Amino acid sequence: MNNKENLDKLIDEALNSVDSIKRAEARPYLLTRIYARMDKGTESVWEKAGWFISRPAVAFAGLCLILLINAVVIVLNNSSAQNPIVEQTAQTPTDEFSYTVATIYDFENTQP
Amino acid sequence: MNQPELIAQLQQGDEQAFKKLVDEWQDMVYNTVLGIVQNADDADDITQEVFIQVFQSVSSFKGDSKLSTWLYRIAVSKALDHEKKKKRKKRFGFVHSLFGGQDEDEQIHSVEFEHPGVELEKKEKAAALFSALKQIPDNQRIAFTLHKLEGQTYQEVAEIMNTTLFAVESLMGRAKANLKKELGNYYNNLKER
């Protein structure tokens, strides 16, 4: 019980520790630093792009995307190399429906 | 110079008016931000960002609220944005550590925060309170910071947070309950060590 009372007392004292707090003061020459930052803030588009790309999250996501594209290309190449028949069967219909088939005009003009 | 005049001059891009604004409100902005981010360097950076934002967007300020309310809102929003960025950075910290780097934020924030305005004999207890403050939800933390650190009334906190007086009372009640719980855990952990 005594321990609990002690704990409650500590908690209350901690909660009340900021009751008479004084306002923290900003560092000197704030205005000068604000103006300096405003001048510095005029970055070019390329600087902004460089900053964006160099962010760890963007760089990591970009790297993952490149690896994923590579993996997809490799998988697709492997599967097409293993199934050459697919390519052949795809060619067959174009042979059957060749443009060299005689037209109605040819049939109608068989005699001079 | 009254506030409407100051705002009008700021909207015309008057540098003297901007200087007056910074001189008058810099401590208020810095103290609010410091209470939220609990780091003097970060608070200094964010304070600069707040005034840059004010300079750039004062033309859109219609005077619906008090200038101080508007400044508080920008300060709170910038401080919370910074906290979110920091959390995101921590999530990707493991990638950085894979390449042998050390997480700078973790190094900085492993040290307990000491607010410069706290009385010397209360420093230790205030450090425990600030540590507990980091564990409670953002809106409760904002209400507590504005009321306790900035001395704003519940009504003023409600205006800054764009909510009702009843909601602020409820937020403060929950903030105190959560802080008691966190402080209890903090002191129990201290005993076990």
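Residues numbered from 1 in each chain as written. Chains lettered and ligands numbered in written order. Predicted model: local features only at pLDDT ≥ 70, side-chain atom pairs only at ≥ 80, totals over all residues. Heavy atoms only, no water.

## Here's the deal with the overall build of chain B
Point 1. The helix and strand inventory of chain B stands at 10 helices and 0 strands.
Point 2. Counting all 193 residues of chain B, 46% fall into the buried class.
Point 3. Taking as baseline every contact in chain B between residues at least 6 positions apart, the subset at least 24 positions apart corresponds to 61%.
Point 4. When the accessible area of chain B is evaluated, it comes to approximately 10300 Å², of which 48% is carbon and sulfur surface. (Helix = DSSP H or I, 4+ residues; strand = E, 2+ residues; numbered from the N terminus. Buried < 20%, exposed > 50% of the residue type's maximum accessible area, 1.4 Å probe, protein only. Contact = heavy atoms within 4.5 Å. Areas by Shrake-Rupley, 256 points an atom, 1.4 Å probe, with all protein chains shown as cover.)

## A short note on empty space enclosed by the protein
Residue and element names in this part refer to chain B.
Point 1. Evaluation of the coordinates by the stated rule reveals 1 cavity of 30 Å³ or more.
Point 2. In this structure, the largest cavity occupies an estimated 30 Å³ of space.
Point 3. Along the walls of the largest cavity sit Leu10, Gly13, Asp14, Phe18, Val54, Phe55 and Val58, which together make up its complete lining. (1 Å grid on protein atoms, 1.4 Å probe; cavity = no way out; pocket = protein on both sides within 12 Å on 5 of 7 lines; lining within 4 Å. Points joined across faces, edges and corners; volume = space filled by probe spheres on them.)

## Observations concerning the interface of chain B and chain A
Point 1. Counting from both sides, the interface comprises 44 residues of chain B and, opposite them, 30 residues of chain A.
Point 2. For the pair chain B and chain A, the interface holds 8 salt bridges.
Point 3. With its nearest N and O atoms 3.0 Å apart, the salt bridge here joins Lys148(B) to Asp19(A).
Point 4. Our count for the contact surface shared by chain B and chain A stands at 14 residue pairs in polar contact (both at pLDDT 80 or more).
Point 5. When residues of the side of chain B that touches chain A are traced back to their parent elements, those giving at least two are α2 (15–37), α3 (40–57), α4 (67–91), α7 (123–133), α8 (138–149) and α10 (165–192) of chain B.
Point 6. Here the side of chain B that touches chain A is composed, by residue class, of 21 nonpolar, 8 polar and 15 charged. (Salt bridge = Lys/Arg side-chain N within 4 Å of Asp/Glu carboxyl O. Polar contact = N/O pair within 3.5 Å; in protein donor to acceptor, adjacent residues only side chain to side chain. Nonpolar A, V, L, I, M, F, W, Y, C, P; charged D, E, K, R; others polar.)

## Thoughts on the packing of α2(B) against α4(B)
Residues and elements named next belong to chain B.
Point 1. With their axes 9 Å apart at the nearest point, α2 and α4 run at an angle of 40° to one another. Between α2 and α4 the crossing geometry is right-handed. Between α2, through Leu21, Trp25, Met28, Val29, Thr32, Val33, Ile36 and Val37, and α4, the contact on the second element is made entirely by Leu67, Ser68, Leu71, Tyr72, Ala75, Val76, Ala79, Leu80, His82, Glu83 and Lys86.
Point 2. Its residues placed into classes, the contact of α2 with α4 shows 14 nonpolar, 3 polar and 2 charged. (Axes fitted to C-alpha atoms, helices over the stretch in contact; angles between N-to-C directions. Left-handed = near helix turned anticlockwise from the far one by under 90°.)

## Description of a nonpolar patch on the surface
Point 1. Residues Leu65(A), Leu68(A), Ile69(A), Val72(A), Val73(A) and Leu76(A) make up a contiguous nonpolar surface patch of roughly 560 Å² in combined accessible area.
Point 2. Inspection of the secondary structure puts Leu65(A) in helix α4 (residues 56–82). (Patch = residues over 30% accessible without salt bridge, like charges linked within 9 Å, V, L, I, M, F, W, Y side chains within 5 Å.)

## Here's the deal with the nonpolar core
Point 1. Ranked by internal contacts, the top residues of the largest apolar core, which has 68 residues, are Phe18(B), Leu21(B), Phe51(B), Leu67(B), Leu71(B) and Leu183(B).
Point 2. With 12 residues, the top contributor of residues to this core is α2(B).
Point 3. Two domains share this core, each providing at least three of its residues, namely domain 1 (1–111) and domain 2 (117–193) of chain B.
Point 4. In this structure, Phe51(B) is in contact with Leu30(A), Ile34(A), Phe18(B), Leu21(B), Val22(B), Trp25(B), Gln26(B), Val29(B) and Leu71(B), ignoring residues within four places of it in sequence. (Core = buried A, V, L, I, M, F, W, Y, C linked by side-chain atoms within 4.5 Å. Domains from an automatic or database assignment.)

## Concerning the confidence of the model for chain B
Any residue range with low pLDDT should be treated as having predicted coordinates unsuitable for detailed reading.
Point 1. With 90% of its residues at a pLDDT of 70 or more, chain B shows a mean pLDDT of 90.
Point 2. Within chain B, the element-level pLDDT minimum falls on helix α6 (residues 104–109) of chain B, averaging 48, and the maximum on helix α9 (residues 154–160) of chain B, averaging 97. (pLDDT = per-residue confidence, 0-100.)

## Examining the packing of aromatic side chains
Point 1. According to the stated counting rule, one finds 5 aromatic pairs over all chains in the structure shown.
Point 2. Geometrically, the ring pair formed by Phe18(B) and Phe55(B) is edge-to-face, given 4.9 Å between the ring centres and 65° between the ring planes. On the criterion of sequence distance, the pair formed by Phe18(B) in helix α2 and Phe55(B) in helix α3 is long-range, its members being 37 residues apart.
Point 3. Taking the relative accessible area as the measure of exposure, Phe55(B) reaches 33% and is therefore partly exposed.
Point 4. Ring plane angle 80° and centroid distance 5.3 Å describe the contact between Tyr186(B) and Tyr187(B), whose orientation is recorded as edge-to-face.
Point 5. For Tyr186(B), a relative accessible area of 22% corresponds to the partly exposed category.
Point 6. Cluster of aromatic residues (ring-pair linked, three or more members): Tyr35(A), Phe18(B) and Phe55(B). (Phe/Tyr/Trp six-rings, centres within 6.5 Å; stacked < 30°, edge-to-face > 60°.)

## Quick notes on a positive patch on the surface
Point 1. There is a patch of like positive charges on the surface, built from Arg55(A), Lys84(B), Lys85(B), Lys87(B), Arg88(B), Lys90(B), Arg91(B) and Lys134(B).
Point 2. Mapped onto the secondary structure, Lys87(B) falls in helix α4.
Point 3. Lys87(B) sits in the partly exposed class, given a relative accessible area of 48%. (Lys, Arg positive; Asp, Glu negative; His and termini not counted. Charge placed at Lys NZ, Arg CZ, Asp CG, Glu CD.)

## Examining α10(B)
Point 1. Over its 28 residues, α10(B) extends 41 Å from the first C-alpha to the last, a length consistent with the 40 Å expected when each residue adds 1.5 Å.
Point 2. Within α10(B), the full set of buried residues consists of Val168(B), Leu171(B), Met172(B), Ala175(B), Leu179(B), Leu183(B), Gly184(B) and Tyr187(B).
Point 3. Close packing links the buried residues of α10(B) with α1 (2–16) of chain A together with α7, α8 and α9 of chain B. (Expected span 1.5 Å × (residues − 1).)

## Brief notes about the side chain of Asn31(B)
Point 1. For Asn31(B), the position within the fold is in helix α2.
Point 2. For Asn31(B), a relative accessible area of 1% translates into the label buried.
Point 3. Within the local environment of Asn31(B), its side chain forms a polar contact with the backbone oxygen of Leu149(B), the two atoms lying 3.2 Å apart.
Point 4. Apart from the residues within four sequence positions on either side, Asn31(B) is in contact with Arg23(A), Ala24(A), His115(B), Leu149(B) and Glu150(B).

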